[in-house]
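Chains, contacts and geometry: an overview
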Amino acid sequence: QVQLVESGGGLVQAGGSLRLSCAASGRTFSSYAMGWFRQAPGKEREFVAVITWSGSSTYYADSVKGRFTISRDNAKNTVLLQMNSLKPEDTAVYYCAAQVARASYSVSYYYAGAYEYWGQGTQVTVSS
């Protein structure tokens, strides 16, 4: 069982930066691939980024590639999402999610339905 708590959301102007944090409980954090998803009003939840259990591999949605960076600290049970050059279209509720997986790559990393645990979400609003 893993419990996830996101923090770091807020209101920022276009071009600004935010860093989201996800704190995980449980002793098996390093067994999980950790993903970030987002959901804007009226839209489906979409994949943003994922980092493998060891941190050796990361994958990003095309819409955030080059602007967002995902990282993790297994000693602190924490995963971060550094978001730079934010755009109004990045406005959404951002969710942290955990998936039991040790593969360096899996198509499941991109699908919300493959993740077993979710946080409550944190709101990110980017003004133009």
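Here, the structure is the one placed above.
A few points on the structure. Everything numeric here is computed off the predicted structure, so don't read it as measured data. (Residues numbered from 1 in each chain as written. Predicted model: local features only at pLDDT ≥ 70, side-chain atom pairs only at ≥ 80, totals over all residues. Heavy atoms only, no water.)

1. So, the side chain of Thr52
Its place among the elements puts Thr52 in the loop between strand S5 (46-51) and strand S6 (58-60). A relative accessible area of 1% places Thr52 in the buried class. Residues within four places of Thr52 in sequence aside, it is in contact with Tyr32, Ala33, Ser57, Arg72, Ala103, Ser104 and Tyr109. (Helix = DSSP H or I, 4+ residues; strand = E, 2+ residues; numbered from the N terminus. Buried < 20%, exposed > 50% of the residue type's maximum accessible area, 1.4 Å probe, protein only. Contact = heavy atoms within 4.5 Å.)

2. A short note on the sheet that holds strand S7 (residues 68-73)
Read across the sheet, four strands follow the order S1-S3-S8-S7 without closing on themselves; strand pairing throughout is antiparallel. Where the open sheet ends on each side, the last strands, each with one partner, are strand S1 (4-7) and S7. For this sheet, the mean inter-axis angle between neighbouring strands, taken without regard to orientation, is 15°. Pairing geometry for S1 and strand S3 (residues 18-24), over four bridges, is antiparallel. (Pairing = 2+ DSSP bridges. Axes fitted to C-alpha atoms, helices over the stretch in contact; angles between N-to-C directions.)

3. Digging into the side chain of Glu6
Along the chain, Glu6 falls in strand S1. Of the side chains bearing the opposite charge, Arg45 lies closest to the buried Glu6, which forms no salt bridge; the N-O distance is 7.6 Å. Of note is the side chain of Glu6, whose polar atom sits 3.0 Å from the backbone nitrogen of Gln120. At 2.9 Å, the side chain of Glu6 forms a polar contact with the backbone nitrogen of Gly121. When residues no more than four places from it in sequence are discounted, the contact partners of Glu6 are Ser21, Cys22, Trp36, Tyr94, Tyr95, Cys96, Gly119, Gln120, Gly121 and Thr122. (Lys, Arg positive; Asp, Glu negative; His and termini not counted. Salt bridge = Lys/Arg side-chain N within 4 Å of Asp/Glu carboxyl O. Polar contact = N/O pair within 3.5 Å; in protein donor to acceptor, adjacent residues only side chain to side chain.)

4. Looking at the nonpolar core
Most often, soluble globular proteins keep nonpolar side chains buried together rather than apart. Judged by nonpolar contacts, the single largest core of 39 residues is most densely connected at Leu4, Met34, Trp36, Leu81, Met83 and Tyr94. Among the elements of the structure, S3, strand S4 (32-39), S5, S7, strand S8 (78-83), strand S9 (92-100) and strand S11 (122-127) are those that each provide at least two residues to this core. Beyond its immediate chain neighbours, meaning those up to four positions away, Tyr94 contacts Glu6, Leu20, Trp36, Phe37, Arg38, Val48, Phe68, Leu81, Met83, Gly121, Thr122 and Val124. (Core = buried A, V, L, I, M, F, W, Y, C linked by side-chain atoms within 4.5 Å.)

5. A look at a nonpolar patch on the surface
Nonpolar side chains collect at one region of the surface, where Tyr105, Val107 and Tyr111 lie side by side and expose about 340 Å² of accessible area between them. Structurally, Val107 is set in the loop between S9 and strand S10 (117-118). (Patch = residues over 30% accessible without salt bridge, like charges linked within 9 Å, V, L, I, M, F, W, Y side chains within 5 Å. Areas by Shrake-Rupley, 256 points an atom, 1.4 Å probe, with all protein chains shown as cover.)

6. Focus on the pattern of salt bridges
Under the counting rule described, the total for this entry stands at four salt bridges. Linking Arg38 and Asp90 is a salt bridge whose minimum nitrogen-to-oxygen distance equals 2.9 Å. Taken together, the residues Arg38 in strand S4 and Asp90 in the loop between S8 and S9 connect sequence positions 52 residues apart. Note that Asp90 and Arg67 form a salt bridge whose closest N and O atoms lie 2.8 Å from each other. Remark: Arg67 occurs in the loop between S6 and S7 and Asp90 occurs in the loop between S8 and S9; sequence separation between them is 23 residues. Given the relative accessible area of 11%, Arg67 is considered buried. Here the salt bridges do not stand alone but share partners, grouping Arg38, Glu46, Arg67 and Asp90 into one network.

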